[in-house]
Every structure is written in structure tokens, then in C-alpha cells.
Protein chains: 2
Amino acid sequence: MKRAQAKPILLSLERASATGLVEQIVAGLAHLIAQGTLRSGEQLPSVRRFGTDQGVGTSTVVEAYERLVARGLVAARRGAGFFIAYQSPQSPPTPVFNPPAPVIDSAWLLSEMFADERVPIKAGCGWLPGKWLDDDGLHQAERRIIRAPGAQQVGYGHPYGYAPLRLTISQFLAQWSLEVPIDQILTTHGATQALDLIIRTMVKRGDTVLIDDPSYCNLIAMLRLADVNVIGIPRTPTGIDTNALENLARLHKPVLYFTTSVLHNPTGTSYTPACAMRVLQAAERHGFWVVEDDIFRELGQPNDPMLAALDGLQRVIYVGSFSKTVAPSLRLGFIACQRELARQLVHTKMVLTLTNSEITERLVHSALTEGHHRRHVENLAAALLHAQARVNARLLEAGLTPFATPRGGMFSWAKFDRTELSARDIADLARRDGIWLAPGDFFHLTPPDQPWFRFNVAYSDVPELVAFFRGL
Amino acid sequence: MKRAQAKPILLSLERASATGLVEQIVAGLAHLIAQGTLRSGEQLPSVRRFGTDQGVGTSTVVEAYERLVARGLVAARRGAGFFIAYQSPQSPPTPVFNPPAPVIDSAWLLSEMFADERVPIKAGCGWLPGKWLDDDGLHQAERRIIRAPGAQQVGYGHPYGYAPLRLTISQFLAQWSLEVPIDQILTTHGATQALDLIIRTMVKRGDTVLIDDPSYCNLIAMLRLADVNVIGIPRTPTGIDTNALENLARLHKPVLYFTTSVLHNPTGTSYTPACAMRVLQAAERHGFWVVEDDIFRELGQPNDPMLAALDGLQRVIYVGSFSKTVAPSLRLGFIACQRELARQLVHTKMVLTLTNSEITERLVHSALTEGHHRRHVENLAAALLHAQARVNARLLEAGLTPFATPRGGMFSWAKFDRTELSARDIADLARRDGIWLAPGDFFHLTPPDQPWFRFNVAYSDVPELVAFFRGL
């Protein structure tokens, strides 16, 4: 039986157009497919035939056909030619994720909200608006890595991370008088993965771990996933309740204490030097390690204490990040710790996820060493301090009581006294008004008596917030 | 007391030079610091003063000083000016990692070897040489994302992953007659993280899990870390021993079976359709999920069976990646599975590491849709098939017996009969000869009787390999 010939197709191509011939052919054929003139399974003319019919070169046709293959509109069968791909009857998937009906529950809500473009006022979110970040720096960094030889980019990165970046991190830490050679520094997929690697390397199920209370919501969730016994140490406006730490450590023999010395999430508070000293004394006395989760260091004050520097990494494992000042999307965190522990953590990292993306490590390195990073951070810190003051004034006006007056950073932590409603109830009502609130029980081990909220000062300086709370 | 004046510095700058003035100042001052003319703690001239002395604008000086700050050579003190930074007496860290004395142990050796540039013949490694990968495609993709507006790059990515990339993945799977909407697809930090997310979401400690034996060494290590009961199903040249699967599943009631249908690592073997069918029947009969770890699909044969397509994602969780064809450094894997399970996996991902880097997701998307990806994969697959044939001939010549004749892909699996030595002993000897071998016990649950090795065909086509084994 003679095979059916592919039917001839004639597109009108414009040679003088700014749009290239390849793109015109792609668009023309895609249009014919969309309107059903070309149907699923139908064969396209051979490359040579189509080229002759259209008066274009075969390489132009190949390029166009391949792009249609890449877009899933055309299928190539070896030796047989090109065919219109099977068009799935399903409606084309929309690029914006549309969750069924949001269920408010801690990390999960936060993760869905990451994607939800429908909430105009992101008062509860955990990141800065794009325009506050270093767009230009990132673009400049991208332009630079393009000039780097490609062969360096297609391999796996170094298990510890890109060495020049680790050197830069070492210099960054030296500013705080913490001297760390680069074989005690490893990069991670954001500070969040750093916390998980520490847990999975150092904690056995059933061990006791201390955390700040309230605390970073992902830390609570990942400790629950690891099936460990978690005890909270109350935060105070000047750090943590060191008496509670002393008593609870004596009682429970913890393995680790995860804490944040500077601009703590969610309370925005920082340790005094005396608080830092007492935490390290308790660690020494009761034999636990301190994990200093220090991702806001760049935005703090110069005299804020750094546990790792005070202790010289004897009992402290330091976790840092540049996500808050360069770009969270780069997903670059790091750990600085004792040499042998670093080896073990790298082992866990390699087993669970292999290396980081060296391309993003190069981007971060480039952004940090370009020269204008420090100025960017200074401007950002100043803008956040101003926003803090304005937002705290608004919160008072709205009937909320701030926990403290943070010395910078992204967050303000405040409670709303005048209500019978729970923080979850209030967050639910706010969502209907287009305001995303982060209720306190996301950050507490057990729901607090009063409705607390974490406010992102970069998003909360809006009159709608006052109006909403006044209307409750 | 009058403050000491900063001593004047005069550099000879060349205005006609191709090197910019900023860079000349940076280099000049760095040189003065290195040779000790400028010492730790010494103040630099004010920006204005230095500018006047050198006859350059203040913005040039600021830029140069800032770069020196970024490089850790100069410290800026608010309101006081710029000072030569404290130069740590430690010798400068070398950028190449230098492990003390390599200890050969499975994933850990593999992870150290990632970084070790001292082994010239990487016969045991798990990735392709940079020149076999798609350098040009990656560079082109980089050039493209630079043109994208920056604000889209500095935010966190979508929890499920960059939507256009998920659409491309959905189209990729449709080529194998697997129709998956994008809300059943999530991206991961490489296929390795995908495996870990599945374990942490679906397996409780003490559960039984089946794997191929031999198997991907990281999978073995991460299952041990998760404290689960692991049982191996023997690989055969045509897939797996389905009778063993049937018996062991009946006996042990496993939760999951991790297997690779196409170009299995380390054996290089692929399922026959009949083997695929029997695995799915066993899954149905004994109620376990099948995790199809399918990272080599693009390099396989068109008629290789895909479990996920046969089963329609009823009992199969599909794990894929483009690391082997685009660039491993991008660290981009994905999972396709039932909708509710996808939600749970995204939840675990968000808790443990938050989103992927959207920048790398855009790079992969760009590389895949550019149009020449398919041709690159075809060339790569053909090159690997040729290398397979040549390496298998060499292995026979060297006295090794290949397990099968793989139908493509990166790996050949072979045993060396004529010896009293263990595979580890042989690997140790080879390392001294500059050859990195991957001994079989990295991939087996219990060390095999005979010395098996995994060979990377892209690195093993060298006479030194024959010479080494002949000399044993």
C-alpha cells in the first residue's frame, strides 16, 4: 500500500520582517495546529519538501520543526519524519497554581501562600519585596558568569561548595572576629537545608532538642518530621529567658539548642552580650551544642553579639545565608563549624542531595564581591529600620501591642488583646479582606493564649491593616 | 588629642590602559597591603583626598575601596573611614580541597572524589565529562534569562517549581504516552532529593522498603539514614528477578519499591516489557508503591517500557531529571505522581528546603525548549552506544566479564574473576595508579562474593585500564 503523502502547507512568510523566518514558521504551524487545520497524527511535509515549497533553506525548516518538537506540538519519529503530536483533550494547564480551598496550617499555608498571587497585602510573608533586593547586582553577576568557560559550569560543584565563595564567607565572618578556614565551611541549599542537615547528622530519634519559643516555623516542622522531643525556651525582648534555659537543660539533657542571636524570626529581637554569655555557659555546663541560626546578621547592629565568635566554634555550629540581602531564589546558605563535623555534614549533604548548583554559587560569589553589596545592605538596613518605626506606629493605632522595638530587620511581633477570636480566626477573616497574616501558632510549639502575629514590615505599612483590626 | 592623619599614597595610574582605573587602584592598593607597606589597622586617605591626590573622581575611589572591602582587605567603619583590615596570620586557604587520606567507603568516597582533581582516570565516576554535555545550550539559556526582568528572579520560586518548566516536563512525559497535568509535577533539587522527599513523606522508621540489588549508592545510604528495613531484589540482564520480587513482597509487606526500568545504575540494564508488567502486577497484588527512578530515559531506546505510563500513576511515583543531558550542576529533578501525594511531597520539600532556585529552573526550561536539545540528546546517546562497545571490548581484554550488553547509557558493570583480592583492595591499588574505580560493594546491600565494578564508559576507554587489570 502506498503511504499517504503529507499534504502541502503554504505559509506566507515575510522576509523583511523583524521576526526571523524560523519564528514565523513556528508561529504559522502552531496556528494551523491550534485551529485544527493540522490534526493529531498528521504528517508534516519532509524538511526538503517544505523548504522548497516555502523557498527557505533546510536548516531553517529543521530549526523550526525542532522548536515545535520542543514545545510538544510536533513529534519526531526516527526514520519516518515529523508528525503533529497528540493534542491532549485536557484544557491547557494554567501557569498559576490554584489551590482548591486554602487550609490554614503553619508551614503548609505558608508554602501555598508562596504561590498565591491573589493576596494583595502580604503582611505575614517571610521575604522582602523584589524591589528591595539587589536586582542590578544579580543581573551584573549573571552577565559575569556568562563570560566564564562553560566546561566549568556543566560539572557537579565541589561537595563543600564553590571554593572562592567559601573564601568570601570566611572573610565575611572575619569581620565579626570569627576566623574560619574554608575547610570548615560548607554551602547548603539555603539556611533551611542547613538546619535539616544538622538535625539528620547529629540527632537520633527520641533525643531532646531545644528551640526558641516562638521559633522559625520550618524548624518546628522539620523537628516533628525527625521525631525528636522538642522543648521551647521563651524569648524575651533582650534575647531568651536564660533561667528557663538553665533549668530545662538540666532536666532534659538536650543534644542541641537552635537559637537566633540577631533579629530573631518571628520576634525581631536580638541578644544582649550578657544573654549570649549565659547561653554559652549553659551549653558548656550541660554539654549541648548551640546552633546559631544567623541569617539576619547583615541587617543587625555592629555591636550585636555573635555566639560563634564568642565561643570560637567550640560548641557553636553557625548557620548563615545571603538570601535576605542578595536574592532568596538563589537558595544559598552555609554552615561554619568544627572540621570533623563539617566533613560529616558534607557527607549527609552528598547522600541526600549531592552538591549545590555551582552556577548559583558563582552568582552569589559574584554579587558579594562586586563591590556595591555593602552599600546595598546599608541602604536595605536603613529602609527596614524606618519601616519598623512606621509599622509599629500603625500596629499601636490598630490596637496591637508590639512585643519589643526591634533594632532593624524584617519582622515585628505583636499581639491583639481586645478580642475573643483566636489568631487563626483573625487570619481567616483577614484573608477574605485580601490581607495575609501569619498567626502566632505557626511559630509556637503550643498555641499561645493571646492572638500574636508576625508582621513583615516591608509589606505592613498600609492603612488597610489598621482598618482591618479596628473593624474586629 | 589630634587624630593621626592617614599617610598619603601615590599610585601610578595609566589612563590609556585597557584596565580600568578602578581595577588599577584595587590592584595597586592590594599590592601595597600584600608587601606590608600598608599595615593592618592603618587608615586609608579619605575618598576625597585620595581622589585629589590621584586626579580621579570620588566615585572611582568609592568603587575601588568598596571592592577592597568586599575582598576582605579593607574594613569600613561607619563615620570613621576606611582601614586596612586585620590580616589573619593563617596561610591563605587554598581553593582546592585536600582531603587528609582518603578512606574508601561508598558514598563518602564518591563525594570526596567529586572534588579530587588528582585522579586522572575517573573510570568509576557517575557523571559525564563536561565536553559531552550541552555547553552551548547552557550558555544560550544564560544569555536568555538575563533579558528577563530581574524582579522575577529575586523572589522565591513556586513551591511546585517554575510553571513553564513543569509544562515542558508534562510534554516530555506525553511523548511516552504518560499524560500528567502540571499540578501533579513538582521539581526537586536533583533526582537525589526527590528520592529523599519520597522516603521522608511516605516511609516510617521500621517500614520495609525494596530496592534493586545492586542499586544507586546514595539510595542505600539515605535509606540507612532513615532507619528503615531494606531488602534487595536481584537485577538480571533483562530487568529484575520477578520471582524474587513476588516472594519477598509476600513475606515482608514492603511500603515502596525503588527501581529503575531503563539503563539502571550501576548495571546499565533495562526492563523488558514483560518484566515491567510483572513488577506492576506484584505491586497491585501486595499493595506496595513503585518509585520509578528514571533519570536515564532520554538515553534509552524508544521501545523501553515506562512503568509510570503502563500504570497511569496508580501505584507508580515517577522520578526524572535532565542532569545527565543538560548539566548536573543545575541540580534539577522532578517527581510526577498522584495529585494529593504531590501536595504532600511539596509540603515536605517546603519544610526541609523551601523552593528550588527559580533561576536554575528557568535555565533548564530554556535549554529544553531552545530547539536543539533533542539533537544534542541523539548525538549523546549515539556517542555513549559507541563508547559502550569499545569499553566492553577493553574489559574483556583486561580479563573482566561484563554483566550484560547495555543498550546505551553511561555504565558498564563487570566482574574480575581471576583474583584473590576484594574489589576494595583492587580499587585501592588502582587509585595509586591514578585510576578511580567504583567497587561493587558501593552498590550492593552486602558485599558480593566476586569483585564487581561499575565503569563509566565516557572515561574508561583508555589502555591504562587494561594494563592495570592485566598487572594484577
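The rules behind the values
- Residues numbered from 1 in each chain as written.
- Chains lettered and ligands numbered in written order.
- Predicted model: local features only at pLDDT ≥ 70, side-chain atom pairs only at ≥ 80, totals over all residues.
- Heavy atoms only, no water.
- Helix = DSSP H or I, 4+ residues; strand = E, 2+ residues; numbered from the N terminus.
- Buried < 20%, exposed > 50% of the residue type's maximum accessible area, 1.4 Å probe, protein only.
- Domains from an automatic or database assignment.
- Pairing = 2+ DSSP bridges.
- Expected span 1.5 Å × (residues − 1).
- Polar contact = N/O pair within 3.5 Å; in protein donor to acceptor, adjacent residues only side chain to side chain.
- Contact = heavy atoms within 4.5 Å.
- Core = buried A, V, L, I, M, F, W, Y, C linked by side-chain atoms within 4.5 Å.
- Right-handed = clockwise from strand over helix to strand, strands pointing away.
- Axes fitted to C-alpha atoms, helices over the stretch in contact; angles between N-to-C directions.
- Parallel < 35°, antiparallel > 145°, perpendicular 65-115°, else oblique.
- Left-handed = near helix turned anticlockwise from the far one by under 90°.
- Phe/Tyr/Trp six-rings, centres within 6.5 Å; stacked < 30°, edge-to-face > 60°.
- Nonpolar A, V, L, I, M, F, W, Y, C, P; charged D, E, K, R; others polar.
- pLDDT = per-residue confidence, 0-100.
- Salt bridge = Lys/Arg side-chain N within 4 Å of Asp/Glu carboxyl O.

1. Some thoughts on the environment of Arg-77 of chain B
And then number 1: Along the chain, Arg-77 of chain B falls in strand 1 (residues 74-77).
And then number 2: Judged by its relative accessible area of 45%, Arg-77 of chain B is partly exposed.

2. Some thoughts on the domain arrangement of chain A
And then number 1: Once the domains are mapped, chain A shows domain 1 (21-84), domain 2 (106-126 + 375-470) and domain 3 (135-369).
And then number 2: The gap between the C-alpha centroids of domain 1 of chain A and domain 3 of chain A is 52 Å.

3. Digging into the sheet that holds strand 10 (residues 333-336) of chain B
Residue and element names in this part refer to chain B.
And then number 1: Spatially, 3-10-9-8-7-4-5-6 is the arrangement adopted by the 8 strands of the open sheet, whose pairing is mixed. With one partner strand each, in any of the chains shown, strand 3 (185-188) and strand 6 (239-240) form the two edges of the open sheet.
And then number 2: Alignment of strand 4 (residues 208-213) against strand 5 (residues 229-236), held across 6 bridges, turns out to be parallel. Pairing of Val-209 across the sheet is with Val-230, part of strand 5.

4. With respect to helix 5 (residues 135-146) of chain B
And then number 1: With 12 residues, helix 5 of chain B should reach 16 Å at 1.5 Å per residue; the first-to-last C-alpha distance of 17 Å fits that figure.
And then number 2: All buried positions along helix 5 of chain B are accounted for by Gly-137, Leu-138, His-139, Ala-141, Glu-142, Ile-145 and Ile-146 of chain B.

5. Here's the deal with the side chain of His-376 of chain B
Residue and element names in this part refer to chain B.
And then number 1: Relative to the elements of secondary structure, His-376 occurs in helix 15 (residues 373-397).
And then number 2: Residue His-376 is classed as buried on the basis of its relative accessible area, which comes to 10%.
And then number 3: Only 2.7 Å separates the side chain of His-376 from the backbone oxygen of Thr-325, close enough to count as a polar contact.
And then number 4: Non-local contacts of His-376, meaning those with residues more than four positions away in its chain, are made with Trp-132, Leu-133, Asp-134 and Thr-325.

6. Focus on the nonpolar core
And then number 1: Counting residues in each nonpolar core, the largest one holds 156 residues, and the members touching the most others are Phe-258, Leu-437 and Phe-469 of chain A together with Phe-258, Leu-437 and Phe-469 of chain B.
And then number 2: Contact partners of Phe-258 of chain B, with chain neighbours within four places excluded, come to Leu-195, Ile-198, Ile-199, Val-209, Leu-210, Ile-211, Asp-212, Leu-219, Leu-223 and Val-291 of chain B.
And then number 3: In this structure, Phe-322 of chain A together with Tyr-162, Val-326 and Ala-367 of chain B belong to the second largest nonpolar core, which totals 92 residues.

7. Some points on the pairing of strand 5 (residues 229-236) of chain A
All names here are of chain A.
And then number 1: The parallel pair strand 4 (residues 208-213) and strand 5 is bridged by helix 9 (residues 217-225), and the resulting crossover is right-handed.
And then number 2: Pairing of strand 5 with strand 6 (residues 239-240) involves 2 bridges; the strand directions are antiparallel. Along strand 6, the bridge assignment pairs Arg-235 with Ile-240.

8. Topic: the sheet that holds strand 8 (residues 289-293) of chain A
Residue and element names in this part refer to chain A.
And then number 1: The mixed open sheet is built from 8 strands, whose spatial order is 3-10-9-8-7-4-5-6. Among the strands making up the open sheet, the edge pair consists of strand 3 (185-188) and strand 6.
And then number 2: Where strand 7 (residues 256-259) meets strand 8, 4 bridges bridge the pair, whose relative direction is parallel. The partner of Phe-258 across the bridge, within strand 8, is Val-291.
And then number 3: Those strands touched by helix 7 (residues 163-174) are strand 3, strand 9 (316-321) and strand 10 (333-336), and its axis lies near 110° from that of strand 3.
And then number 4: Along the sheet, helix 9 contacts strand 4, strand 5 and strand 7; its crossing angle with strand 4, the most-contacted strand, is approximately 160°.

9. Quick notes on the packing of helix 8 (residues 190-202) of chain B against helix 9 (residues 217-225) of chain B
Residue and element names in this part refer to chain B.
And then number 1: Following both chains from N to C, one finds helix 8 and helix 9 inclined at 30°, their axes separated by 10 Å at the closest point. As judged from the angle between their axes, helix 8 and helix 9 are roughly parallel. In terms of crossing hand, the pair formed by helix 8 and helix 9 is right-handed. Contacts from Thr-192, Leu-195, Asp-196 and Ile-199 in helix 8 reach Asn-218, Leu-219, Met-222 and Leu-223 in helix 9.

10. Considering the packing of aromatic side chains
Two aromatic rings, taken as a pair, are described by how far apart their centres are and by the angle between their planes.
Residues and elements named next belong to chain A.
And then number 1: Applying the stated criterion to the full structure yields 34 aromatic pairs over all chains.
And then number 2: For the ring pair Phe-455 and Phe-469, a centre distance of 6.2 Å and an interplane angle of 65° mean the geometry is edge-to-face. In this pair, Phe-455 sits in strand 14 (residues 452-456) while Phe-469 sits in helix 17 (residues 463-470), placing the two residues 14 residues apart along the sequence. For the pair shown, Phe-455 and Phe-469 are each scored as buried.

11. Considerations on the packing of helix 7 of chain A against helix 14 (residues 358-369) of chain A
A pair of packed helices is captured by two measures, namely the crossing angle of their axes and the spacing between those axes.
All names here are of chain A.
And then number 1: It is the contact of helix 7 with helix 14, at a shortest axis distance of 9 Å, that shows an interaxial angle of 40°. Relative to helix 14, the element helix 7 is oriented oblique. Between helix 7 and helix 14 the crossing geometry is left-handed. Residues Pro-164, Leu-165 and Thr-168 of helix 7 touch helix 14, and the partners they reach there are Glu-361, Val-364, His-365, Leu-368 and Thr-369.
And then number 2: Residue classes in the contact of helix 7 with helix 14 are distributed as 4 nonpolar, 3 polar and 1 charged.

12. What to know about the confidence of the model for chain A
And then number 1: On average, residues of chain A score 86 in pLDDT, and 90% of them reach the 70 mark or higher.
And then number 2: The low-confidence segment residues 89-104 of chain A, where pLDDT is below 50, has 23 contacts with residues more than four positions distant or belonging to other chains.

13. Looking at the pattern of salt bridges
And then number 1: For the structure on display, the rule yields 41 salt bridges over all chains.
And then number 2: One salt bridge in this structure joins Arg-375 of chain B and Glu-63 of chain A, with 3.7 Å as the shortest N-O distance. With one member in each of two chains, Arg-375 of chain B in helix 15 and Glu-63 of chain A in helix 3 (residues 58-70) form a pair that bridges those chains.
And then number 3: Classification of Arg-375 of chain B by relative accessible area gives partly exposed; the value is 30%.
And then number 4: Its relative accessible area of 22% is what places Glu-63 of chain A among the partly exposed residues.
And then number 5: When salt bridges with common partners are traced through the structure, they connect Arg-374, Arg-375 and Glu-378 of chain A together with Glu-63, Glu-66 and Arg-67 of chain B into a single cluster.

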